[in-house]
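Listed here are the chains, written in short residue letters.
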Amino acid sequence: MSEMVSLLEPLIPALRRYARSFAKDKSTADDLVQDTLEHAVSRWYQRRADGDARAWVFSILHNLAISGIRQAARRGQHLPLDDAHESDVAVRFAQEDGLRRRDILTALSQLPEDQRSILLLVSVEDMSYAQVAGILDVPIGTVMSRLARARSRLRKLMEDGSPVASGRPQLRRIQ
Amino acid sequence: MTYSPPITEDDLHGYVDHLLDPTRRAAVQDYLGTHPDVAARIAAYERQRDSLRSALRPIAEEPIPPQLNLRHIVEQQRRDWGVPWRSMAAAVLLLVLGGTGGWGLRGAIVPLSDIHGIAALAQEAAYTYNTYGSDPTHPVEFGAADKARLVSWISGRLGQTISIPDLAASGYRFMGGRLVATPNGPAGLLMYDNASGQHLAVLVRPMKIDKDTRMSNHSFGDVRGFAWSSKGMGFSVVATAPADLLHPIANEVRRQEERI
């Protein structure tokens, strides 16, 4: 058990950070992390013994988040991660900071969820492309093409401050 | 000059994410030196990465709220597991009062080739437990989720169908197992752990002699065990737990095996 605690505990700050991109507020994000830790503790011995505990725990969080979104969608609720809620995401990320931080986080919130997850796992959580492919259960080629789209769109958003056409209606960001 | 494959978009992202080996990194650097448009784009991506990391760092630096205290979560699950420690302790006491019985195989470690039958099984179990029970990363080869594959693997190699005892009522959860080698042929090792993460193992293999023996206790260093055989199959239940705690568990394994 001490081995389990010593492997899981150091991951909690990063799990909280990643969960924040899925939830509408801090307490919902922490609920998601709590669910993740409960799953991880109860399935600790079912993971592949030679596996990567960090990627395994992130994949639990990711799957819980995505299944939560799907359930909400089935119940006809608003999708917390979708573009319609991008202003929430921005506010949630940018409560106590300067314009620059707000800018990057506002732009991040305007990315579709699948691109945002990949960008965060790679750029912030230091996952390899293969780890990200495992966590999201998609081919590595898909990871690379979504990462390229995410960076290109984020650059455009940062440069001209206007949303980039994504095939879905977008709210214009108000400076 | 050595051949260098053309620079790909993937290389450019690998460069931003510091995932390239030094040779490839140098090749991308050369390329960027002669392609200012691409270099501007990559510089923008590097700024993105830096801004994202610094913008999100404060979240990871927040104090962890109590609901995410891992020790509380483990404690809660242990309670949910409903381990009847108190009633188990009472049962152990009764058994101790009733005497442990059997004959003892204490301490003396002699070469494996000089011991036979149930004594050999007991020592094999202790050795196996010492190796795998203390392994922090690979205590089992097949986890509980692969129980069916594990059973068919071990049964196939032993030439006898084995069953996995359920020790949940004794507070031990099945983790998985593996096939192990002994001087007397292959054996199945089944691993369990309790809520405190302490391991318990059951070693099972066919017996050439001592095909039906009563239960005996043995100890090798810190490892204690109870071994017996029935209808040609030998069993040894081993752990670092005290003998009075282990004995009722061994009885429970025997009871479940006899039923089959």
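**Considerations on the confidence of the model for chain A**
Residue and element names in this part refer to chain A.
Next, step 1: Summary statistics for chain A give a mean pLDDT of 79 and a share of 71% for residues scoring 70 or more.
Next, step 2: Across chain A, the secondary-structure element scoring lowest on mean pLDDT is helix α5 (residues 86–93), at 48, and the one scoring highest is helix α2 (residues 12–19), at 96.
Next, step 3: For residues 78–89, every residue scores under 50 in pLDDT, and the model assigns this stretch 22 contacts once sequence neighbours within four places are set aside.
Next, step 4: Low pLDDT, under 50, characterises residues 163–172; the stretch is placed with 15 contacts to residues that sit more than four places away or in other chains.

**Focus on the packing of helix α7 (residues 113–123) of chain A against helix α8 (residues 129–136) of chain A**
Residue and element names in this part refer to chain A.
Next, step 1: One can describe the packing of α7 onto α8 by two numbers: an axis separation of 10 Å at closest approach and a directional angle of 140°. As summarised for this structure, α7 and α8 are arranged oblique, according to the angle between their axes. As for the relative orientation of α7 and α8, their crossing is right-handed in sense. Facing α7, whose interface residues are Ser117, Ile118, Leu121 and Val122, α8 presents Val132, Ile135 and Leu136.

**Brief notes about helix α3 (residues 26–42) of chain A**
Residues and elements named next belong to chain A.
Next, step 1: Helix length check: α3 (17 residues) gives 24 Å between terminal C-alpha atoms against 24 Å at 1.5 Å per residue, within 8%.
Next, step 2: Turning to α3, its buried residues number three or more, namely Ala29, Asp30, Leu32, Val33, Thr36, Leu37 and Ala40. Angular distribution of buried residues about the axis of α3 spans 155°; they occupy a single face of the element.

**Focus: the pairing of strand β3 (residues 172–182) of chain B**
Residue and element names in this part refer to chain B.
Next, step 1: With 2 bridges connecting them, strand β2 (residues 142–143) and β3 associate as antiparallel partners. Of the residues in β3, the one forming a bridge with Gly143 is Gly176.
Next, step 2: Hairpin geometry of β3 and strand β4 (residues 185–194) is characterised by an intervening segment of 2 residues between the two adjacent antiparallel strands.

About the thresholds
Residues numbered from 1 in each chain as written. Chains lettered and ligands numbered in written order. Predicted model: local features only at pLDDT ≥ 70, side-chain atom pairs only at ≥ 80, totals over all residues. pLDDT = per-residue confidence, 0-100. Helix = DSSP H or I, 4+ residues; strand = E, 2+ residues; numbered from the N terminus. Contact = placed C-beta atoms within 7 Å. Axes fitted to C-alpha atoms, helices over the stretch in contact; angles between N-to-C directions. Parallel < 35°, antiparallel > 145°, perpendicular 65-115°, else oblique. Left-handed = near helix turned anticlockwise from the far one by under 90°. Expected span 1.5 Å × (residues − 1). Buried ≥ 20, exposed ≤ 12 C-beta atoms within 10 Å, placed from the backbone. Arc of directions from axis to C-beta. Pairing = 2+ DSSP bridges.

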